[in-house]
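One-letter residues, chain by chain:
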Amino acid sequence: MKIFITKSILPSGITLLKEQGHTVEVYEENTPISKETLYEKAKTSDALITMLSNQIDREFIKENNHLKVIANYAVGFNNIDVEAATEHGIKVGNTPDVLTEATADMALALLMDVSRKTSESFQSIKDGHWTGWEPKGFLGQSLRGKTLGIFGAGRIGQCFANTCRLAFGMNVIYCARTEKDNFQATKVSFEDLLDQSDVISVHCDLNNETKELFDIEAFKKMKETSIFINTSRGQVHNEADLELALREKIIWGAGLDVTNPEPMNPKSKILELPNITITPHIGSATITAREEMSLLVATNILNGLNGEELKAGVN
Ligand code: DGY
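Residues numbered from 1 in each chain as written. Predicted model: local features only at pLDDT ≥ 70, side-chain atom pairs only at ≥ 80, totals over all residues. Heavy atoms only, no water.

**Some remarks on the site of the ligand**
Counted only if it meets this: Here a residue is considered near a molecule or strand provided that any single heavy atom belonging to it is located within 4 Å of it. Counting of polar contacts relies on pairs of N or O atoms within 3.5 Å, with two restrictions inside protein: one atom must be capable of donating a hydrogen and the other of accepting it, and residues adjacent in sequence are counted only when both atoms are side-chain atoms. All accessible-area figures derive from a Shrake-Rupley calculation using a 1.4 Å probe, and residue coverage is judged against the displayed protein chains alone. Under the grouping applied here, Gly and all other residues not named as nonpolar or charged are polar, the nonpolar ones being Ala, Val, Leu, Ile, Met, Phe, Trp, Tyr, Cys and Pro and the charged ones Asp, Glu, Lys and Arg.
Around the ligand, the neighbouring residues are Leu52, Ala74, Val75, Gly76, Leu99, Arg233, His281, Gly283 and Ser284. Glycine 76 has a polar backbone atom sitting 2.9 Å from an oxygen atom of the ligand. The contact in question runs from an oxygen atom of the ligand to an N or O atom on the side chain of arginine 233, over 2.7 Å. Taken by itself the ligand offers 230 Å² of open surface, and the protein chains cover 95% of this. Among the residues making up the shell around the ligand, the classes are represented as four nonpolar, four polar and one charged.

Okay, here's the thing in structure tokens:
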């Protein structure tokens, strides 16, 4: 069978697919694959390994309903019309669990960076502004004993919360659709999360309910000293509103691993602000996580081609 991969990934999964006798073609360009090329490659493939940046919509599924499996190289699968895939008998897989710790650690890296102004102060050295020790320079926020608000308490949100509780003795509250067992945290309403949290960290799926939920009205309900972290999907926040909230000091700081839109415009005004750190959607980017993701997408493909349940299936 032929498997097409829309970007070059770490080799463990490719090796596994080839060992099973399959033909693997990888799109090796640095630039994202165009819609036309993706359609052309899909036409002659039995299965696809896709990236979160590939729009696998209803039209694409209809045109390529010969596909047996689509394995997304991400835990989030909002880029795929799963309903349409199910209607056409195409199995869809994702990569849960293997990237939980990597992504939770990224949220922590952003939180530490913003709360202690490491990027901002490093930039000041590069700009030649370090003239001597400053008793009032770069004063940050201590995290000890503060309240952490988790929005979307799935695997990644809980992992991040547990790390923060152990590291800083943070009191954890969360807002989620369902009550979580074995999670040492208090479930609260969205309004209470905004009102009580010193740090809000977003870990939810992107869907109609969460799209641009963090807008200016939400930021206005947060504490002036609060920090907003988003490592899930950029479209959960309204970026113009976040810029306003940071510029007007409605909230204290923000750390984003995801932006709205993605990739972001390098001329975006939000990049001029000192109280934000942004990374280019690298939450799962550890060698360990990315190798395990490679193995998991390959396993999903093999399962689907053999007519079995996917190890990590979403339909
Ligand atoms: C995912 O896999 O959905 C994450 O966004 C990766 O960082």
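**Looking at the side chain of asparagine 238**
Put simply, the test is: To qualify as a helix, a DSSP run of H or I must reach at least 4 residues; to qualify as a strand, a run of E must reach at least 2; elements of each kind are numbered from the N terminus. Summary of the burial criterion: residues with accessible area below 20% of their type's maximum are buried, those above 50% are exposed, and those between are partly exposed, where the area comes from a 1.4 Å probe applied to protein chains only.
Of note, asparagine 238 is situated in the loop between strand 10 (227-230) and helix 10 (239-247). Since its relative accessible area comes to 18%, asparagine 238 is described here as buried. Of note is the side chain of asparagine 238, whose polar atom sits 3.1 Å from the side chain of glutamate 212.

**Observations regarding the sheet that holds strand 3 (residues 47-50)**
In sheet architecture, strand pairing relies on hydrogen bonds along the backbone and comes in two forms, parallel and antiparallel. Formally: A pair of strands counts as paired when DSSP detects no fewer than two bridges linking them. Here the axes come from fitting lines to C-alpha atoms, over the contacting stretch only for helices, and the angles between their N-to-C directions go from 0 to 180 degrees. Should any heavy atoms of two residues lie within 4.5 Å, those residues are considered in contact.
Within the open sheet, the five strands sit side by side as 2-1-3-4-5. Their pairing is parallel. Here the strands that pair on one side only, and so sit at the sheet edges, are strand 2 (23-26) and strand 5 (91-93). When the angles between neighbouring strand axes are averaged without regard to direction, this sheet yields 15°. As judged from the three bridges shared by strand 4 (residues 69-72) and strand 5, these two strands associate in the parallel manner. Across the sheet, residue isoleucine 70 finds its bridge partner in strand 5, namely valine 92. The sheet strands contacting helix 1 (residues 12-19) are strand 1 (2-5), strand 2 and strand 3, and the helix crosses strand 2 at an angle near 150°. Seen against the sheet, helix 11 (residues 287-305) touches strand 1, strand 3, strand 4 and strand 5 and runs at an angle of roughly 165° to strand 4.

**Regarding the sheet that holds strand 8 (residues 186-187)**
Spatially, seven strands are ordered 8-7-6-9-10-11-12 in an open sheet, and the strand pairing comes out parallel. Of all strands in the sheet, those bounded by a partner on one side alone are strand 8 and strand 12 (276-278). Direction of pairing for strand 7 (residues 171-175) relative to strand 8: parallel, over a ladder of two bridges. When the bridges of strand 8 are listed, tyrosine 174 appears paired with lysine 187. Strands in contact with helix 7 (residues 155-168) are strand 6 (147-151), strand 7 and strand 9 (199-202); relative to strand 6, the strand with the most contacts, it is inclined by about 175°.

**A few points about the environment of arginine 290**
For arginine 290, the location among the structural elements is in helix 11. Judged by relative accessible area, arginine 290 falls into the partly exposed class, the value being 23%. Residues arginine 290 and valine 98 lie 192 residues apart in sequence; the distance between their C-alpha atoms is 8.3 Å. In contact with arginine 290, other than residues within four places in its own chain, are Leu10, Tyr73, His281, Ser284 and Ala285. A polar contact is formed between the side chain of arginine 290 and the side chain of serine 284, at a distance of 2.9 Å.

**Structural notes on helix 2 (residues 35-43)**
Of all the residues in helix 2, the buried ones are Leu38, Tyr39, Lys41 and Ala42. At its buried positions, helix 2 is contacted by strand 1, strand 2, strand 3 and helix 3 (58-63).

**Some remarks on unusual backbone geometry**
Residue proline 261 is bonded to the preceding asparagine 260 through a cis peptide linkage, with omega at 10°. Within the secondary structure, proline 261 is located in the loop between strand 11 (253-256) and strand 12. With a phi close to 50°, phenylalanine 138 is a non-glycine residue in the positive phi region. Note on placement: phenylalanine 138 falls in the loop between helix 6 (118-126) and strand 6.

Purely spatial values, then, with no claim about function.
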